[in-house]
Amino acid sequence: MDYVRWAERYDIFYEAAPEGELEFYLNAIDRSAGSVLELGVGTGRIAIPAAIMGHDVVGVDLNRPMLDRARQKLGDAPIVGSIELIEADMCKLDLVKKDFDLVTIPAHTLALVTDAESQLEALKRCALHMAPDAMCIFNLFYPSDDLINGEPDEKFLLGVIEGDEPGIRHVLTGINDFDTATPTNHCTQIIETLDSRGQLVDREELRVEFRYLHHEQVLYLLDKAGLRLIEAFGDFDGSQLDSESEEMIYVCRLA
Ligand SMILES: C[S@@+](CC[C@H](N)C(=O)[O-])C[C@H]1O[C@@H](n2cnc3c(N)ncnc32)[C@H](O)[C@@H]1O
């Protein structure tokens with residue numbers, strides 16, 4: 001995965017993030033009213049507004065270009081709380097501070113960890129960094145039969161985002177290629193930038209591998225990681241998790 005060019009475009013791509021996701025995490029951070037650890041912090045899409053709201057956030061990411069972009073965005077942002085960005089692998093994380101009030105893994109990032117043992121290790125690292133009454137919240141995409149058995153290589157539209165300059169539009173698309181044996185989605189995320197005449201002026205794509213999980217597998221991993229499920233939602237509006245869901249959102253405490 002080449003995050004160097006992608007980091008500049010990440011925030012454009014995530015304008016098409018699932019509705020309510022940002023608010024869901026910011027509300028959870030507000031309710032926790034304590035220190036927050038975000039694993040896979042990326043460009044600070046959630047962490048920076050949280051720190052502006054007055055929270056103390058530590059963000060961890062494996063990819064330096066993403067952290068560089070977050071630092072650039074931080075610039076002279078009116079931070080009221082604090083924000084610390086650390087380059088590290090969430091599966092090996094061992095910070096001095098082990099009493100965060102909230103640990104999050106937003107935006108399907110646990111699925112970017114592409115082997116089963118490491119996914120378990122990531123959840124163990126969440127538990128390791130939680131205060132006794134802390135929460136851990138993460139979300140994954142729901143691997144419905146329709147989704148995982150869908151036509152490979154079929155391009156689907158994620159959204160069209162107005163650019164900062166007049167007439168500029170970013171067309172966000174994706175191509176899934178599920179391998180149910182591994183089980184991995186070899187996904188391509190594409191941003192095409194068009195000018196006011198509809199001419200292509202920029203194109204960037206990122207190949208991403210997601211090791212997807214079914215709900216029962218998540219429950220198994222939580223148990224092994226020493227986490228206890230409090231609630232599972234199927235949408236950021238708090239709807240229940242069922243076979244129609246597009247998201248799997250987990251709220252956990254230490255077992
Ligand atoms: C989908 S982005 C999410 C970024 C941010 N949490 C958000 O919601 O906008 C996933 C991020 O996780 C990072 N990442 C992937 N695997 C990681 C790992 N093992 N440890 C730490 N970060 C990782 C990637 O570099 C990327 O920045």
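The structure we're discussing is the one just above.
Description of the structure in this document. (Residues numbered from 1 in each chain as written. Predicted model: local features only at pLDDT ≥ 70, side-chain atom pairs only at ≥ 80, totals over all residues. Heavy atoms only, no water.)

**With respect to the pairing of strand β6 (residues 155–162)**
So, point 1. Relative to strand β7 (residues 169–175), β6 is paired through seven bridges, and the arrangement is antiparallel. The residue of β7 that forms the bridge with Val160 is Val171.
So, point 2. Hairpin connection between β6 and β7: a loop of six residues separates the two successive antiparallel strands, and Gly167 in this loop has a positive phi of roughly 85 degrees. (Pairing = 2+ DSSP bridges. Helix = DSSP H or I, 4+ residues; strand = E, 2+ residues; numbered from the N terminus.)

**Topic: the site of the ligand**
So, point 1. Taken together, 20 residues are adjacent to the ligand, and Tyr10, Glu38, Gly40, Asp61 and Asn63 come closest.
So, point 2. Here Arg45 contributes a side-chain N or O atom positioned 2.7 Å from an oxygen atom of the ligand.
So, point 3. At 2.9 Å, a backbone N or O of Met90 approaches a nitrogen atom of the ligand.
So, point 4. Against a free-state accessible area of 600 Å², the protein chains account for coverage of 95% of the ligand.
So, point 5. Residue composition of the shell around the ligand, by class: 12 nonpolar, four polar and four charged. (Near = heavy atom within 4 Å. Polar contact = N/O pair within 3.5 Å; in protein donor to acceptor, adjacent residues only side chain to side chain. Areas by Shrake-Rupley, 256 points an atom, 1.4 Å probe, with all protein chains shown as cover. Nonpolar A, V, L, I, M, F, W, Y, C, P; charged D, E, K, R; others polar.)

**Re the nonpolar core**
So, point 1. By size, the foremost hydrophobic cluster in this structure holds 58 residues, and its most contacted members are Leu37, Leu39, Leu123, Phe138, Leu140 and Leu227.
So, point 2. Lining this core are residues from two domains, each supplying at least three of them: domain 1 (3–142 + 213–254) and domain 2 (145–211).
So, point 3. Beyond its immediate sequence surroundings of up to four residues, Leu39 is in contact with Val60, Met90, Leu93, Val103, Thr104, Ile105, Pro106, Thr109 and Cys126.
So, point 4. Grouped together as the second largest cluster of nonpolar side chains are 23 residues, Ile29, Val41, Ile48 and Ile137 included. (Core = buried A, V, L, I, M, F, W, Y, C linked by side-chain atoms within 4.5 Å. Buried < 20%, exposed > 50% of the residue type's maximum accessible area, 1.4 Å probe, protein only. Domains from an automatic or database assignment. Contact = heavy atoms within 4.5 Å.)

**Regarding the sheet that holds strand β5 (residues 130–141)**
So, point 1. Reading across from one edge, β3-β2-β1-β4-β5-β12-β11 is the order of the seven strands in this open sheet, with mixed pairing throughout. Only two strands of the sheet have a single neighbouring strand rather than two, namely β3 (82–87) and β11 (227–233). Averaged over all adjacent pairs, the angle separating strand axes in this sheet is 20 degrees, with direction ignored.
So, point 2. One ladder, built from six bridges, connects strand β2 (residues 56–61) with β3; its direction is parallel. (Axes fitted to C-alpha atoms, helices over the stretch in contact; angles between N-to-C directions.)

**As for the pattern of salt bridges**
So, point 1. Under the criterion given, the structure shown has 13 salt bridges.
So, point 2. The residue Arg71 makes a salt bridge to Asp68 at a minimum N-O spacing of 3.8 Å. With Arg71 and Asp68 both in helix α4 (residues 64–74) and three residues apart, this pair spans about one turn of that helix.
So, point 3. Classification of Arg71 as partly exposed rests on a relative accessible area of 41%.
So, point 4. With a closest N to O distance of 2.8 Å, Lys97 and Asp99 form a salt bridge.
So, point 5. Judged by relative accessible area, Lys97 falls into the partly exposed class, the value being 35%. (Salt bridge = Lys/Arg side-chain N within 4 Å of Asp/Glu carboxyl O.)

**Focus: the side chain of Arg125**
So, point 1. Inspection of the secondary structure assignment puts Arg125 in helix α5 (residues 116–128).
So, point 2. Polar contacts involving the side chain of Arg125 include one to the main-chain carbonyl oxygen of Lys92, which spans 3.4 Å.
So, point 3. If we ignore the near neighbours within four places in the chain, the residues touching Arg125 are Met90, Cys91, Lys92, Leu93 and Asp94.

**Looking at unusual backbone geometry**
So, point 1. A cis geometry characterises the amide bond from Thr182 onward to Pro183, with omega recorded as -20 degrees.
So, point 2. At Ala33, a position not held by glycine, the phi torsion is positive, near 50 degrees.
So, point 3. With respect to the helices and strands, Ala33 occurs in the loop between α2 (21–32) and β1 (36–39).
So, point 4. Of the residues examined, Ala33 reaches a relative accessible area of 63% and is grouped as exposed.
So, point 5. A positive phi is found at Ala107, a non-glycine position, where the angle reads about 60 degrees.
So, point 6. Positionally, Ala107 belongs in the loop between β4 (100–105) and α5.

**Observations concerning the environment of Arg31**
So, point 1. By the element assignment, Arg31 lies in helix α2.
So, point 2. With relative accessibility at 63%, the residue Arg31 sits in the exposed group.
So, point 3. Taking C-alpha positions, Arg31 is 9.7 Å from Leu102, a pair spaced 71 residues apart along the chain.

**Quick look at the packing of helix α1 (residues 3–13) against α4**
So, point 1. Contact geometry of α1 with α4 gives a least axis separation of 8 Å together with a crossing angle of 40 degrees. Here α1 is positioned oblique relative to α4, judged by the angle of their axes. In this structure, α1 meets α4 at a crossing whose hand is right-handed. Here α1 contributes Tyr3, Val4, Ala7, Glu8, Tyr10 and Asp11 to the contact with α4, which in turn contributes Pro65, Met66, Arg69 and Lys73.
So, point 2. In terms of residue class, the contact of α1 with α4 is built from six nonpolar, no polar and four charged. (Parallel < 35°, antiparallel > 145°, perpendicular 65-115°, else oblique. Left-handed = near helix turned anticlockwise from the far one by under 90°.)

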